Structure formats: C-alpha cells, structure tokens
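Chain and residue survey
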Amino acid sequence: MKKIFILAAILVLSAPVFAAIDTWFNTNPHKSYNKEITLQKVQNDCYDKNGIKIEKNVFKFNYSYKEGVPYEYIVSNNTNQDLLLKGIDSDYYANKNITRKSHWTRVNVRNLKYWQAYVPFIDDYHGYKSTKEQIPYLYDFPKDYTIKKGESIRILAMGLYLDKIQNVTFIFENKDGDEIKITF
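Residues numbered from 1 in each chain as written. Predicted model: local features only at pLDDT ≥ 70, side-chain atom pairs only at ≥ 80, totals over all residues. Heavy atoms only, no water.

As for the nonpolar core
In a soluble, globular protein the nonpolar side chains are often hidden away together inside. What counts is decided by this rule: Residue types Ala, Val, Leu, Ile, Met, Phe, Trp, Tyr and Cys, when buried and joined through side-chain atoms within 4.5 Å, form a set referred to as a nonpolar core. Burial classes: relative accessible area under 20% of the type maximum marks a residue as buried, over 50% as exposed, and values in between as partly exposed (1.4 Å probe, protein chains only). A run of H or I in DSSP becomes a helix once it reaches four residues, and a run of E becomes a strand once it reaches two; helices and strands are each numbered from the N terminus. We call two residues in contact whenever any of their non-hydrogen atoms come within 4.5 Å of each other.
In terms of nonpolar packing, the biggest core is built from 21 residues, with Ile54, Tyr73, Val75, Ile155, Phe170 and Phe172 touching the most fellow members. Within the residue set of this core, elements represented by two or more residues are strand S2 (52-60), strand S3 (69-77), strand S4 (83-90), strand S6 (152-159) and strand S7 (168-173). Looking at this core element by element, the count peaks at four residues for S3. Filtering out sequence-adjacent residues up to four positions away, Phe172 remains in contact with Ile52, Val75, Leu83, Leu84, Leu85, Ile147, Asp178, Glu179, Ile180 and Ile182. In this structure, Ile37, Phe61, Tyr92 and Met158 belong to the second largest nonpolar core, which totals ten residues.

If you want it as structure tokens, here you go:
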C-alpha cells in the first residue's frame, strides 16, 4: 500500500514536468479562432511602432472568471516586408510559450478551491460550461509563423493572474535576420 502512495505522489508531482515536453498527448498547437468573442471586454490597448501593430483586448469569463483572464492579441504587419513570428514568451499563462513552459495544470487545480467542485450535479454543469468557455484560450502560442505584408494574426491566450493585466513578449525576425522583441 505504501508503494502505491509513493507512486501516486511521484505521478502527481511530475505532471508539470511532463507538460513541458512536446509530445503527442499534451501538444495543443495554435489554431486560428474566427468566431466572434461574446465575452465582456474589460480593457483595450494598442501598440503601433515601426509598422508593427499589436492590439490587446482583455475580457472577463462568464463561468471561468475564478480560473483565469482571457486575452486577445491581434498582430498586424504594416511593414514593407514579411515578418517571422518566432514565438511568444510569457510569464504566467496557461498557453505553452516558446520556451515550452505552460501553467495549464494550475487551471485545473484552481477549480478545487471552490465548492462547485465537490457537488456532483453542479460540478458537472459548471465544469462543462467552464471548459467550453476556456477551450479557445488554451491553445499554444504560435511558433515560426510568417505574417505576410499587410496581414494579421489573432492570438487568444489565458493569463492566470486574476488581479493584474499581464504582458507577453513577441519575438519577431525580419528578412535581414534582425530580431525584434516587443513586450506588450
């Protein structure tokens, strides 16, 4: 019996380690989301410099508001050349970033702090609504994505700080091989 508890403890403690590795079962590659966002918009901010425009929209979940904050980034390339988005570096997001760090396991653990997680039928209803609402925001950040001249990309993300607005660092590379980092 003691061996079973030790094995279970090792499995639980090693879950974040396995989440950092790109394997077939925990890779959630970036997908473009073309539907309209029906969540309440809390804040809007814009960065526009040297032909790169980034619009950040912060929303509020209807059901998952205790688990994270949804973000929408719209990156537009208004330069006269194509840009390569090498990746996005983030601090405390559920999405997997360029350094392969992800905090998605904390989203599930956070739910256990609330009474809905322990009442059978309420948990099923609340959990279904919450998961359905979070799905578009849990895809990995894009890597090695080329943004053509005059085009844009829409990136959805889920920040885990509930009390402050978070920033991410966009890492671009132009045709000359210059690396451009924008923290916004």
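Considering a nonpolar patch on the surface
Selection criterion: In this scheme, patches are assembled from residues that exceed 30% relative accessible area and form no salt bridge. Like charges are connected within 9 Å, while nonpolar side chains (Val, Leu, Ile, Met, Phe, Trp, Tyr) are connected within 5 Å. What sets the accessible areas is the Shrake-Rupley method with a 1.4 Å probe; for residues, cover comes only from the shown protein chains. Salt-bridge detection follows one rule: a side-chain nitrogen of Lys or Arg within 4 Å of a carboxyl oxygen of Asp or Glu.
Residues Met1, Ile4 and Phe5 make up a contiguous nonpolar surface patch of roughly 390 Å² in combined accessible area. Mapped onto the secondary structure, Phe5 falls in helix H1 (residues 2-19). According to the relative accessible area criterion, Phe5 is exposed, its value standing at 54%.

Regarding the confidence of the model for the protein chain
Formally: Here pLDDT means the predictor's own confidence in every residue, given as a number from 0 to 100.
Overall, the prediction assigns the protein chain a mean pLDDT of 86, with 84% of residues at 70 or greater. Considering each helix and strand of the protein chain separately, the mean pLDDT is smallest for helix H2 (residues 104-111), with a value of 67, and largest for S2, with 98.

Here we look at the pairing of S2
Rule in force here: Here, strands pair whenever DSSP counts at least two bridges between them.
Here strand S1 (residues 40-49) runs beside S2; their pairing, made up of nine bridges, is antiparallel. Along S2, the bridge assignment pairs Asn44 with Asn57.

Re the sheet that holds S6
How we decide: Axes, fitted as lines to C-alpha atoms, cover a helix only where it is in contact. Angles between the N-to-C directions of the axes lie from 0 to 180 degrees.
Strand order in the open sheet formed by four strands is S1-S2-S3-S6, with antiparallel pairing between adjacent strands. Of all strands in the sheet, those bounded by a partner on one side alone are S1 and S6. Going across the sheet, the axis of each strand differs from the next one's by a mean of 15 degrees, ignoring polarity. One ladder, built from eight bridges, connects S3 with S6; its direction is antiparallel. Counted as the bridge partner of Pro70 is Met158 from S6.

With respect to the environment of Val58
Along the chain, Val58 falls in strand S2. Accessibility expressed as a relative area gives 3% for Val58, which makes it buried. Spatially, the C-alpha atoms of Val58 and Ala157 are 9.7 Å apart, while their sequence positions differ by 99 residues.

Side note on the packing of aromatic side chains
Pairs of aromatic rings are described using the distance from one ring centre to the other and the angle between the two planes. For clarity, the threshold we go by: Pairing of aromatic side chains requires ring centres within 6.5 Å, counting the rings of Phe and Tyr and the six-membered ring of Trp. Pairs whose planes differ by under 30 degrees are stacked, by over 60 edge-to-face, and all others tilted. A ring is considered to have a charge above it if a Lys NZ or an Arg CZ atom is located within 6 Å of its centre and within 35 degrees of its normal.
Applying the stated rule across the entire model yields eight aromatic pairs. When the centroid spacing of 5.6 Å and the interplanar angle of 50 degrees are considered together, the rings of Tyr71 and Tyr93 count as tilted. Highlighted residues: Tyr71 in strand S3 and Tyr93 in the loop between S4 and H2, separated in sequence by 22 residues. When the centroid spacing of 5.5 Å and the interplanar angle of 75 degrees are considered together, the rings of Tyr73 and Phe170 count as edge-to-face. Here the residue Tyr73 occupies a position in strand S3, and Phe170 occupies one in strand S7, the gap between them amounting to 97 residues. Here the two residues Tyr73 and Phe170 agree in accessibility, since each one is buried. Pairwise contacts between aromatic rings join Tyr71, Tyr73, Tyr93, Phe141, Phe170 and Phe172 into one cluster. Here the guanidinium or amino end of Lys56 rests over the ring plane of Phe184, the centre of that ring lying 5.0 Å away.

Some points on the pattern of salt bridges
All chains considered together, the criterion is met by three salt bridges. Where Arg154 meets Glu72, a salt bridge forms, and the shortest distance between an N and an O atom there is 2.7 Å. Residue Arg154 is found in strand S6, and its partner Glu72 is found in strand S3; the two are separated by 82 residues along the sequence. Residue Lys86 pairs with Glu179 through a salt bridge whose shortest N-O separation is 3.0 Å. Taken as a pair, Lys86 in strand S4 and Glu179 in strand S8 (residues 179-183) lie far apart in primary sequence, 93 residues in all. Its relative accessible area of 44% is what places Glu179 among the partly exposed residues.

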